[in-house]
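# Architecture and fold: a report
Here is how the chains run, residue by residue.
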Amino acid sequence: MTIRLDGPVRLSLLPKLAVVADDISLSTGTGDLAISAPRFSTSITLSSLWSKKLEIQSVALTDPTIAVKASANAGSPAASKEVQADPFASIVDTLERLAINQLTIRNGTLASGAAAGNAVTVTAIDADLSVPDLDREASFSLACTSNGRRVEMSGSLSALRPILRRLPAQIAIVARLDPAPVAKFSSLHASGEVQLNGNGSYQIKGGKFDIGDQSFQMDALFQPGARHHFFADLAAQRVDIDALSDIGKGGPSGSKPSADSGEPDLAMLSAFDADVSVAINELVGGKIRASDVQLSATLRDGHLEAKLEHFGLDAGSITAKASTNVGETPPTIRGNIASSGLDIGSMARLAGQSVSLSGKLTADMGFAFRGLTAERIRSSANLQGTVGIRDGKLPLAERNGDNITGLNADVKVHDMGKPVDAAGKLAWRGQAVTFQSQIAPASFLAGASVAEASGPISFSVSSKYLEGSVSGVAGGGGTFKGQVSVASPSVDKLMQWLGQGASRSLQGFAFKGDVDAGPGRLSFQKAAIALNGVKASGQGSMTMGEPLNVRTSLKFAKLDFAALAGGGGQAAAGKQKPGAAADTPIDLSFLKGIDAKVEIQADKLGYGKVFAGPVASTLTVADGKAHLSVPQSPFYGGTIAAEMTADGSGGASSVELNTAIAGAAAAPLLHDAADFDRIEGTLNATVAVSGSGKTTRSLARSFGGKAAAKFSDGAFRGIDIAEVYNNLVGLLSSGFKQDQAKKTTFTELGASFAIENGVAQTTDISLLGPLVRMDGSGKMDLADQTLDIHLNPRVVASLDGQGGDVAVKGIGVPIVVDGSLSAPRIYPDLSALAKDPKGALDMLSRLGLPTGKLNLDKLISGQTGATGDGSGKGAADLIGDLLRNAKPRPKSPPAVPAAAAPDNGNTETQAPPPSANPDGEALAETPAPAAEPAAADPQTPPASPETPKKGEIDTLLDQLAN
C-alpha cells in the first residue's frame, strides 16, 4: 500500500497526536484501489505508538474520491483459480494491528468499473465506521446516491475477527431507499450470520429480513468480482402481495420520482448477477390466497428471468414465466402464463366475488409489454396464445332447463394487432348451439374511451332454430355497420326457445343484407328477406320502441298473404282429402307491435293460390291493423281492384275484403280459389266480405257479406244437359255416369249471394244458352268447403242465348250439384219425375220412348189391381215408386243373412235384390247417394208360391229403377 502526501501537513502532539493533511492519496500495489482526498485528518492515542496495536481515535476524509478497478487478469468465471475480488482483502493484515474508533467520510465519490468498461459511480457518500477492536462489535453507517436513488444503510457486526478468520459472525442491517421501486419497499431490516469465505465471497446463513410488511428467511451468498454475484434462497410463511399494488407510484411522500414519471427503475439490478429462489407457504393478495408458491429468478448480465414454478390455489394451479433486460428504459417484459384447469367459481371466491358461471378455465398465453406503469402496459401490451373454458355452466333462470350447459370455448390470440378468434359450443333448452367470433382488440384499445372505441368484428351462431352471422365494424357505443344474415326454419319455435311469445303462424324466416345499426335504430340496404316462404328484396329502416316503427320499400316476386298469415303451409304439405278443409291457426296479434309503411312492388300478389299482378301498392300497419289497397291490376286475363284489411288488435284475427273482378278467366280462377273446376267462361264479379277467427276454419265460418258473379260464353263441365234429354232411353237403361269431357255450354250464367256465418246463399241462379235455360238456388259452405245447389235446366225450342228469356218452357230434368268444392257430384234428379208419373210417361213418349209398343198407355188408369198381382196398385203407382228410387245409388253392402221366417211351406229361393239384374249380375253404380227406401206396405200379401216369368214391362221397370 502506498500513501502519498501532496499538500501541507499540520501536526500536533498534545493532548493527542493529530495530523491534518491536504491532498493525500492512498493506493494498493495492484492498483485495484485508489483513494484521494483534498483533506485528511486523524488523531492517534500517543500511548499506542509504542504498543503492538495502533489506536486511531478518528480518521476523516472530506470530499474523497475512491476508485475501485478490477485487475486485468481478474479471470473469467470459468477459471479455477481463486479471484481476489474483495476490496478489503489487501488490508486484512493492517487491520490486525489497528484499532479504528471512528472512520468518517463526507461527500465522497466512488467509481468502480471492470476492464470491460462497465462503470458505476456513487456520489454523495457519507459513511461512518467504528472498529475499536477485532473482537468487539463493529458498527457502520452509509449513505450514498446511485442512479438518482438515495441509499441509506446502517448496521453492526458482532466482531471483525471471526470474519477475518473465515468464521461466522452476527450482522444486522437497516437500509432505506428513496425513491423505492415500490413504496412499501422503501426500508429493509436484515439480520443473520455472515461469513467471509476463502474465495472472497460473503455468505449469510439463517438470515432474516423484513421488507415492507413482509418477513423472509434467507440463506445467501455474495460473490464479489468483475460482476458481483448474489445467490439467495428466500422462504416465507405468509406474504401479502398488496404491497405490490403501489408499483409505478414512486417513493414515499415528499420524495422525487425517477426521471420517467414514476416508472420503477430496474437499472440498479444491472450491476450484479443473481440467482434467487423463493418459497412461500401462503401468498395473499386481497381475498386471493395461494399455497405452496415456488418462484425462481436468474439475473445474468442484466437479463432477468423469473419463473412461477407452482402457484397452488383451491381452484387449481398456475405456472408462469417472464423475462426482461433490466438495462432498458423502460424495460420490455415478455412471458407466459399457463394452467390446465382453474375452477372458475373458486377463482371468483378467492377474489371475494360471486359469479354464476362455473367450469374450468384453461390458459396457455404469452404476453409482452413495455414499461411498468399502467398506462404504458395498456398502450404496449401484446398477447399470443389460448384461453379456454371447459364444461362450463351458466344458470339463466330458476328452472334447470334454462341453464347454459356443456360450454366449451377457446379464444385464440395471434397478436393484439390481429383479430382474435373465438369458437365453442354449448347446450341451452335442449338444443346444441355452436358459435364462432373474430374481433380485433387493438382497434378497440386505440379509442380514447369505450364509447369512442370501434373495430372489425364477425360473429356466427348455429342451432336448430337459428342460423346467424354478422360481419362489419362495431363501436363501443352500441353501433354496427356491416352485413347481417339471419335464418330460422320457424320463428314461432325460435321465439319459444328464447322464452318469448310469438305467433304460431310465423315460420321460416331469413334476412341477409347491409345493416347500419345504433342504439334504438336500424336501417338496411340491398336486403333479401323471406318469411313463411314469401321472398322480398329492398331497403328500409326500423326504430325500436313500442310500437316498432318500420319504413321500407320491398319488391316481391310473389306476395302471398295467406302464407304470411300462416295459412300457406298446408298447400305444400300435400293434397287434402276432398271436402276436408285444413284448419290452421291464424294469429295477427303481432300487428299490434308494428307501425309500418311498406311500399310494395310485386310480380304477383294474392292469397293462397289466387294472384294478381304485377301490382304496385302500399301496405300500412297501425294500431294493430294492416291495410292494403290494390289498384286495378292484371288478373287471370282480366283485371282486379281490391281493398284488404287484416286486424290483429282484438282477441281474434279479422279480415275484410272488397274486390271487383272484370273479364277474368273463370276456370283457372275457380280452380285456384276453391279447387272448383266445373265452370268455365269469362267472369265479372264483386265481393264484399268480412270475418274473424283464430283459425282458418273459424274465420271462414264467420264470413258475412255479399257477392255477385256473372259468367259469359262458358260451359258446365261434367254433364251435357241436351245429351241427357236426347239419350234418356239409354240413361234409363244403363244409369247416369259423369263424364268430364261433357259440357253444357251457355251464353250467360249469373247469381248473387248473401253470405252469413260462412254460408253463401243464392236464389237467383240463371242460365241462358242455345236450347238450354236454367234457374236454380242453393248454398256454399265456405267453412266446410261444400256446396248443395239445385238447378232446373230445360231443353227449349230456342237458339237464343244472351238476351233470351230464361222462362221459356221446355222439357227438363232437375240437376243436383253437391259434395265438396274440390270434387262435387253432378247428376240428374230423376226422382223428381215420380211426382208426376203421367207427365213422365208423356215426356218419355215425346223423347222417343216407344210407350205405345210397350202398352204403357194402358197402365195409366191407376185402377187398383190393374196389374193383376194382387197388390192393389195401378201401374202408375208402381212407376212412381220405381222412379222415386231412380236416383243413382252406391254399391250395395254385403248381403246380411236373413232372419228365420215362419214356415209357410215356400221353399223356393228368394227373389234377387233390386240391385241385381234378372241373371243375378250387379249393375254399374254411380257415386251418387242412395234414396230413402220406400216404406213397406203392411197389407201386402205373402209372395205367391210361384214366381211369374218376367215380361217386357217388368224388365223395363227394373231398368227404370236402376
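Residues numbered from 1 in each chain as written. Predicted model: local features only at pLDDT ≥ 70, side-chain atom pairs only at ≥ 80, totals over all residues. Heavy atoms only, no water.

If you check an unreviewed UniProt entry, the protein appears there as AsmA domain-containing protein from Rhizobium loti.

### A few points about the overall build of the protein
Heads up, the rule is: Only DSSP runs of H or I covering at least 4 residues are called helices, and only runs of E covering at least 2 are called strands; the numbering of each starts at the N terminus. Throughout this description, buried means an accessible area under 20% of the type-specific maximum (1.4 Å probe, protein chains only), exposed means over 50%, and partly exposed covers the range between. Should any heavy atoms of two residues lie within 4.5 Å, those residues are considered in contact. Per-residue and other accessible areas were derived by the Shrake-Rupley procedure at a 1.4 Å probe size, with only the shown protein chains allowed to occlude residues.
Check the secondary structure of the protein and you find 15 helices and 49 strands. Evaluated residue by residue, the protein yields a buried proportion of 37% over its 962 residues. In the protein, the proportion of contacts linking residues at least 24 apart, taken out of those at least 6 apart, comes to 48%. When the accessible surface of the protein is split by element, carbon and sulfur atoms take 55% of a total near 51,100 Å².

### Details of the sheet that holds strand β36 (residues 610-612)
Adjacent strands of a sheet pair through backbone hydrogen bonds, lying either parallel or antiparallel. The condition is simple: At least two DSSP bridges between two strands are required for those strands to pair.
Pairing in this open sheet of three strands is mixed, and the strands run β33-β35-β36 from one edge to the other. Unpaired on one side and paired on the other, β33 (559-560) and β36 mark the two borders of the sheet. Summarising the sheet, strand β35 (residues 605-607) and β36 pair through three bridges and their orientation is antiparallel. Note that in β36 the partner of Tyr-607 across the bridge is Val-610.

### Quick look at the side chain of Asp-781
What counts is decided by this rule: The term polar contact refers here to a pair of N or O atoms within 3.5 Å; inside protein, the definition further demands a hydrogen-donor-capable atom paired with an acceptor-capable atom, and it admits residues adjacent in sequence only when both atoms are side-chain atoms.
By the element assignment, Asp-781 lies in strand β45 (residues 772-781). Here the side chain of Asp-781 touches Ala-783 through a polar contact of 3.0 Å, landing on its backbone nitrogen. Apart from residues no more than four positions distant in its own chain, Asp-781 is found in contact with Arg-701, Gly-758, Val-759 and Thr-786.

### A short note on the environment of Val-621
With respect to the element layout, Val-621 can be found in strand β37 (residues 615-622). Given the relative accessible area of 6%, Val-621 is considered buried. Note: C-alpha distance between Val-621 and Leu-591 (30 residues apart in sequence) is 7.0 Å. When residues no more than four places from it in sequence are discounted, the contact partners of Val-621 are Leu-591, Ile-594, Asp-595, Ala-596 and Ala-626.

### Brief notes about the packing of aromatic side chains
Rules: Working definition: a ring pair exists when centres of Phe, Tyr or Trp rings (six-membered ring for Trp) sit within 6.5 Å. Plane angles under 30 degrees give stacked, over 60 give edge-to-face, the rest tilted.
Within the structure shown, the criterion is met by seven aromatic pairs. Here Phe-511 and Phe-524 contribute two aromatic rings whose centre-to-centre distance is 5.6 Å and whose plane-to-plane angle is 90°, an arrangement assigned as edge-to-face. You can see Phe-511 sitting in strand β29 (residues 509-518) and its partner Phe-524 sitting in strand β30 (residues 521-531), a full 13 residues away along the chain. The class for Phe-524 is buried, based on a relative accessible area of 5%.

### Examining the side chain of Asn-197
If you trace the backbone, Asn-197 turns up in the loop between β12 (187-196) and β13 (202-211). Given a relative accessible area of 16%, Asn-197 falls into the buried group. Beyond its immediate stretch of four places on either side in the chain, Asn-197 contacts Arg-166, Gln-203 and Leu-221.

### Side note on a nonpolar patch on the surface
Going by this rule: Distance thresholds for patches are 9 Å for like charges and 5 Å for nonpolar side chains (Val, Leu, Ile, Met, Phe, Trp, Tyr), applied to residues having over 30% relative accessible area and no salt bridge. We define a salt bridge as a side-chain nitrogen of Lys or Arg found within 4 Å of a carboxyl oxygen belonging to Asp or Glu.
Taken together, the side chains of Ile-3, Leu-5 and Val-9 make up a nonpolar region of the molecular surface, amounting to roughly 270 Å² of accessible area. In this structure, Val-9 sits in strand β2 (residues 9-12). Judged by relative accessible area, which is 41%, Val-9 ranks as partly exposed.

### A closer look at the pattern of salt bridges
Here the structure, examined in full by the defined rule, presents 19 salt bridges. Notably, a salt bridge pairs Asp-126 with Arg-150, separated by 3.5 Å at the nearest N-O pair. Of the two residues, Asp-126 is situated in strand β8 (residues 119-131) and Arg-150 in strand β10 (residues 149-157); the sequence distance between them amounts to 24 residues. Classification of Asp-126 as partly exposed rests on a relative accessible area of 29%. Relative accessible area serves as the criterion here: at 23%, Arg-150 is assigned to the partly exposed category. Linking Glu-680 and Lys-743 is a salt bridge whose minimum nitrogen-to-oxygen distance equals 3.0 Å.

### With respect to unusual backbone geometry
Note that the residue after Thr-329, namely Pro-330, is joined by a cis bond; omega there is -5°. Relative to the helices and strands, Pro-330 is located in the loop between β19 (316-325) and β20 (332-343). Cis peptide bonds are those with omega within 30 degrees of zero, and the linkage from Glu-546 to Pro-547 qualifies with 5°. Within the secondary structure, Pro-547 is located in the loop between β31 (534-543) and β32 (548-556).

### What to know about the nonpolar core
Quick note on the threshold: For this analysis, a nonpolar core means a set of buried residues of the types Ala, Val, Leu, Ile, Met, Phe, Trp, Tyr and Cys, connected via side-chain atoms within 4.5 Å.
Of all hydrophobic cores here, the largest spans 66 residues; its most connected members are Ile-600, Leu-605, Phe-635, Phe-711 and Leu-749. Of all the elements, strand β43 (residues 743-756) adds the most residues to this core, at five residues. Excluding anything up to four places from it in sequence, Phe-711 contacts Ala-666, Leu-670, Ile-679, Thr-682, Leu-683, Phe-746, Thr-747, Glu-748 and Leu-749. By size, the runner-up hydrophobic cluster in this structure holds 21 residues, among which are Phe-216, Met-218, Ala-220 and Ala-236.

### Side note on the environment of Asp-775
Within the secondary structure, Asp-775 is located in strand β45. Along the chain, Asp-775 and Leu-749 lie 26 residues apart, while their C-alpha atoms are 9.4 Å from each other. Other than its neighbours up to four places away in sequence, Asp-775 contacts Ile-765, Ser-766, His-790, Leu-791, Asn-792 and Arg-794.

### A short note on helix α9 (residues 666-674)
Test applied: What the arc describes is the spread of directions from the helix axis to the C-beta atoms.
Among all positions of α9, only Ala-666, Ala-667, Leu-669 and Leu-670 are buried. Along the axis of α9, the buried residues cluster in a sector spanning 165°; they form a single face. At its buried positions, α9 is contacted by β36, β38 (625-635), β40 (653-665), β41 (679-693) and β42 (704-717).

### Focus on the pairing of β31
With nine bridges connecting them, β30 and β31 associate as antiparallel partners. Bridge pairing in β31 places Phe-524 opposite Gly-540. Taken together, β30 and the strand that follows it, β31, pair antiparallel across an intervening segment of two residues, in which Asn-532 is found at a positive phi of about 55°. Pairing analysis gives eight bridges linking β31 to β32, with the strands arranged antiparallel.

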